[in-house]
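Topology and contacts: notes
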Amino acid sequence: ILHLEFQSSYDKDMPSRLLKYNVSLYGEHDLTVITIVIYLFHAKLPESPFEIKAGDDKVIVFHFKILPLFEQDAEKYVRDHVSCMYPLLPTMRNVNHILIKRAVDELVALYRQDETTLAQQIIWMELLLERTETIPNVEKRQIREELHMFDKLVDESPWLQEMRARSLESGRQEGRRKGRQEGRQEGRQEGRQE
């Protein structure tokens, strides 16, 4: 079993959490579990293996792999046509608008019959582009222009529409809660004044 864990920042408790996942998956399926932590952005990296000791004795030694994307060369993934990694390209080194255009053109050809998946790939690129520090701002602007061609496709994505609807409903519920709370406070104040 391949267990992938995406991290955007350092988490000191992550190795013990990964061990729990690993043991749970092994217990459920009775298969070897290989854990890989994928770091999207610059962060302090954990050390593998994670060890639990009793005195000098090692009770548990848990090995996991680490893939810091910010150290990866984006050109290699595009040259080798590893399209499953294309949404993650903005987090890597050597990214420019020309490389992104090549990757997007390949995604368009790959998902020409599946606009929802294509929209998801573009959305991930845009989200990661906003947070990455591996690409200069001038280059980011040119990449955004390249990705803006897909705005209509992204806006019509059922996945994105569902996310927006959930966010809107969550905002409404929060607004109602705050309104009731403010109403109670005003009522108490008016009651005290009377």
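Please refer to the structure placed before this passage.
Heads up: these notes are all about the structure in this document. (Residues numbered from 1 in each chain as written. Predicted model: local features only at pLDDT ≥ 70, side-chain atom pairs only at ≥ 80, totals over all residues. Heavy atoms only, no water.)

1. Regarding the sheet that holds strand 2 (residues 34-39)
- Judged by pairing direction, the sheet is parallel, and its 3 strands sit side by side in the order 1-2-5 without closing on themselves. For this open sheet the edge positions go to strand 1 (2-7) and strand 5 (65-68), each flanked by a neighbour on one side alone. Each strand axis lies, on average, 20° off the axis of its neighbour in the sheet, ignoring direction.
- Where strand 2 and strand 5 come together, 4 bridges link them in parallel fashion. Counted as the bridge partner of I38 is L67 from strand 5.
- Relative to the sheet, helix 1 (residues 14-29) contacts strand 1 and strand 2, its axis offset from that of strand 1 by approximately 155°. (Pairing = 2+ DSSP bridges. Helix = DSSP H or I, 4+ residues; strand = E, 2+ residues; numbered from the N terminus. Axes fitted to C-alpha atoms, helices over the stretch in contact; angles between N-to-C directions. Contact = heavy atoms within 4.5 Å.)

2. Description of the pairing of strand 4 (residues 57-62)
- Examined bridge by bridge, strand 3 (residues 50-54) and strand 4 share 5 bridges and lie antiparallel to one another. Directly across from A54, in strand 4, lies its bridge partner D57.
- The antiparallel hairpin formed by strand 3 and strand 4 contains 2 residues in its connecting segment, where G55 sits at a positive phi of about 70°.

3. Here's the deal with a nonpolar patch on the surface
- A cluster of nonpolar side chains, L2, L4, F6 and I34, forms an exposed patch at the surface whose accessible area comes to about 380 Å².
- The element best represented in the nonpolar patch is strand 1, accounting for 3 residues. (Patch = residues over 30% accessible without salt bridge, like charges linked within 9 Å, V, L, I, M, F, W, Y side chains within 5 Å. Areas by Shrake-Rupley, 256 points an atom, 1.4 Å probe, with all protein chains shown as cover. Salt bridge = Lys/Arg side-chain N within 4 Å of Asp/Glu carboxyl O.)

4. Describing the pattern of salt bridges
- Applying the stated criterion across every chain, the model contains 8 salt bridges.
- Between D105 and K101 there is a salt bridge, and its shortest N-O distance comes to 3.0 Å. One end of the pair is D105 and the other is K101, both in helix 3 (residues 97-110) and 4 residues apart, which spans about a single turn.
- Its relative accessible area of 36% is what places K101 among the partly exposed residues.
- In this structure, the salt-bridge partner of E130 is R144, at a minimum N-O distance of 2.9 Å. On the criterion of sequence distance, the pair formed by E130 in helix 4 (residues 115-131) and R144 in helix 5 (residues 137-148) is long-range, its members being 14 residues apart. (Buried < 20%, exposed > 50% of the residue type's maximum accessible area, 1.4 Å probe, protein only.)

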